[in-house]
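Survey of secondary and tertiary structure
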Amino acid sequence: MKTILLIGIGPGDPDALTLAAIKAIGRADVFFFLEKEGEGKDSLIRFRQQILQTHRGDRPYRTATSQNPVRDHAAKDYVGAVKDWHRQRTAVIKALIESEMADGETAGLLIWGDPSLYDGTIQHLRDIIDESSTELSFEVIPGITSIQMLTARHKIPLNRIGESITITTGRQIEQTDPGLITNAVVMLDSRSAFHRLEGSGDIDIYWGGDVGGPDEVLISGSLDEVAERIDQTIAEQRARKSWIMDNYLLRRRPKQS
Ligand SMILES: C[S@@+](CC[C@H](N)C(=O)[O-])C[C@H]1O[C@@H](n2cnc3c(N)ncnc32)[C@H](O)[C@@H]1O
């Protein structure tokens, strides 16, 4: 039996690792890295390596690295392109399991934030187990999500009394009736979809760039007043280091009675 540990490592703050994650890091014989193409992504790999150096102790370990397949961002069929990309990622992880670990060994995959939030790796492993003759089990070690880091940094609750919270993507925000949005966290937004709600007059935004990391930037206030500042900040960060990870909470103010 081979065992895979999907270890949530939080969104970039080395202090946000859980004790369970540190214990899991101590158990693995080998760590798998999927390298992303593109400038700046190496800092995410560096963060993972730093975590191993800090928390692994003296016990030696192996690493095995493969290229992370690149999604076709130009494809018209978004869902089809993502499914295709997931199939390729599944094949890459399967190949690592087959070639880089012996029966009885344990491999660790360090997952950004928490493995259950906008991350395909849990499904990849389920698919590998369904298709494969290899005896394989996996465990999920939860991590602090970028959402938890965002609300902690802004010192706000995720929801107000008795309120629901929507977790969604920039792509969805672009297609949703703005009137339906009362309390929503938005992720995976490369096109600043919050502009769709500008002019509403009653929306606050709590925005975070690289929350938890060394380049963290926080901006909050009335969306109409701060949207431009957020645009400028995103542009500055992209110019400086070519990428930024951001998320934000959109919250409609209650009607005055
Ligand atoms: C593929 S999802 C992974 C989410 C991750 N599993 C989590 O638990 O937060 C990547 C998206 O998460 C958000 N994200 C991840 N890390 C972030 C950070 N440090 N600061 C702000 N947003 C972050 C961004 O919206 C980014 O586009």
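Residues numbered from 1 in each chain as written. Predicted model: local features only at pLDDT ≥ 70, side-chain atom pairs only at ≥ 80, totals over all residues. Heavy atoms only, no water.

**Details of the pattern of salt bridges**
- In the structure shown here, the tally under the stated rule is 13 salt bridges.
- One salt bridge connects Arg-87 with Asp-84, and the closest N-O pair in it is separated by 3.7 Å. Taken together, the residues span about one helical turn, with Arg-87 and Asp-84 both in helix 3 (residues 78-100) at a distance of three residues.
- Across the salt bridge formed by Arg-252 and Asp-202, the nearest N and O atoms sit 3.0 Å from each other. Note that Arg-252 is positioned in strand 10 (residues 246-252) and Asp-202 in the loop between strand 7 (183-187) and strand 8 (203-209), a separation of 50 residues in sequence.
- In this structure Asp-202 comes out as partly exposed when scored by relative accessible area, which is 22%. (Salt bridge = Lys/Arg side-chain N within 4 Å of Asp/Glu carboxyl O. Helix = DSSP H or I, 4+ residues; strand = E, 2+ residues; numbered from the N terminus. Buried < 20%, exposed > 50% of the residue type's maximum accessible area, 1.4 Å probe, protein only.)

**What about the sheet that holds strand 1 (residues 2-8)?**
- Taken together, the five strands give an open sheet; going across it, the order is 3-2-4-1-5, and neighbouring strands pair in parallel fashion. With partners counted over all chains shown, the strands left at the sheet margins are strand 3 (62-67) and strand 5 (136-141), one partner each. This sheet shows a mean twist of 25 degrees between the axes of neighbouring strands, independent of strand direction. (Pairing = 2+ DSSP bridges. Axes fitted to C-alpha atoms, helices over the stretch in contact; angles between N-to-C directions.)

**Comments concerning a nonpolar patch on the surface**
- Among the surface-exposed residues, Tyr-118, Ile-167 and Leu-188 lie close enough to one another that they form a single nonpolar patch of about 300 Å² accessible area.
- Summarising the element assignment, Leu-188 is placed in the loop between strand 7 and strand 8.
- Leu-188 sits in the exposed class, given a relative accessible area of 57%. (Patch = residues over 30% accessible without salt bridge, like charges linked within 9 Å, V, L, I, M, F, W, Y side chains within 5 Å. Areas by Shrake-Rupley, 256 points an atom, 1.4 Å probe, with all protein chains shown as cover.)

**What to know about helix 5 (residues 146-154)**
- Among the residues making up helix 5, those that are buried are Ser-146, Ile-147, Met-149, Leu-150, Thr-151 and His-154.
- Considering only its buried residues, helix 5 is in contact with strand 6 (166-169), strand 7, strand 8, strand 9 (217-222) and strand 10.
- A distance of 3.2 Å separates the backbone nitrogen of Ile-147 from a side-chain oxygen at the start of helix 5, and that oxygen is part of Thr-145.
- Phi for Lys-155, located one or two positions after helix 5, is positive at around 55 degrees. (Contact = heavy atoms within 4.5 Å. Polar contact = N/O pair within 3.5 Å; in protein donor to acceptor, adjacent residues only side chain to side chain.)

**A closer look at the site of the ligand**
- Close to the ligand lie 16 residues, the nearest being Asp-114, Leu-117, Ser-146, Val-211 and Asp-246.
- One of the backbone N or O atoms of Asp-114 is found 2.8 Å from an oxygen atom in the ligand.
- Contact distances for the ligand include 3.0 Å between an oxygen atom and a backbone N or O atom of Leu-188.
- Burial of the ligand by the protein chains amounts to 89% of its free accessible area of 560 Å².
- Three or more residues apiece are contributed to the shell around the ligand by two domains, here domain 1 (2-141) and domain 2 (146-252). (Near = heavy atom within 4 Å. Domains from an automatic or database assignment.)

**With respect to the packing of aromatic side chains**
- Taken as a whole and judged by the stated rule, the model has three aromatic pairs.
- The interplanar angle of 90 degrees and the centroid separation of 5.4 Å between the aromatic rings of Phe-31 and Tyr-61 together place this pair among those described as edge-to-face. Within this pair, whereas Phe-31 is found in strand 2 (residues 30-35), its partner Tyr-61 is found in the loop between helix 2 (41-55) and strand 3, the two being separated by 30 residues in sequence.
- Since its relative accessible area comes to 1%, Phe-31 is described here as buried.
- With 5.3 Å between their ring centres and 85 degrees between their planes, Phe-194 and Tyr-248 make a pair best called edge-to-face. Highlighted residues: Phe-194 in the loop between strand 7 and strand 8 and Tyr-248 in strand 10, separated in sequence by 54 residues. As far as burial versus exposure is concerned, Phe-194 and Tyr-248 are alike and both buried. (Phe/Tyr/Trp six-rings, centres within 6.5 Å; stacked < 30°, edge-to-face > 60°.)

**Brief notes about the domain arrangement of the chain**
- Domain assignment breaks the chain into domain 1 (2-141) and domain 2 (146-252).
- Every contact between the two is made by 13 residues of domain 1 and, on the other side, 17 residues of domain 2.
- Across the domain 1/domain 2 interface, buried area totals approximately 1100 Å², and carbon plus sulfur atoms make up 68% of it.
- It is Pro-11, Leu-117 and Tyr-118 that lose the most area in domain 1 upon contact with domain 2, and together they represent 46% of the buried surface on that side.
- At the junction of domain 1 with domain 2, the criterion picks out one salt bridge.
- With its nearest N and O atoms 3.6 Å apart, the salt bridge here joins Asp-13 to Arg-153.
- There are zero residue pairs in polar contact (both at pLDDT 80 or more) connecting domain 1 and domain 2. (Buried area = accessible area lost by both parts, 1.4 Å probe.)

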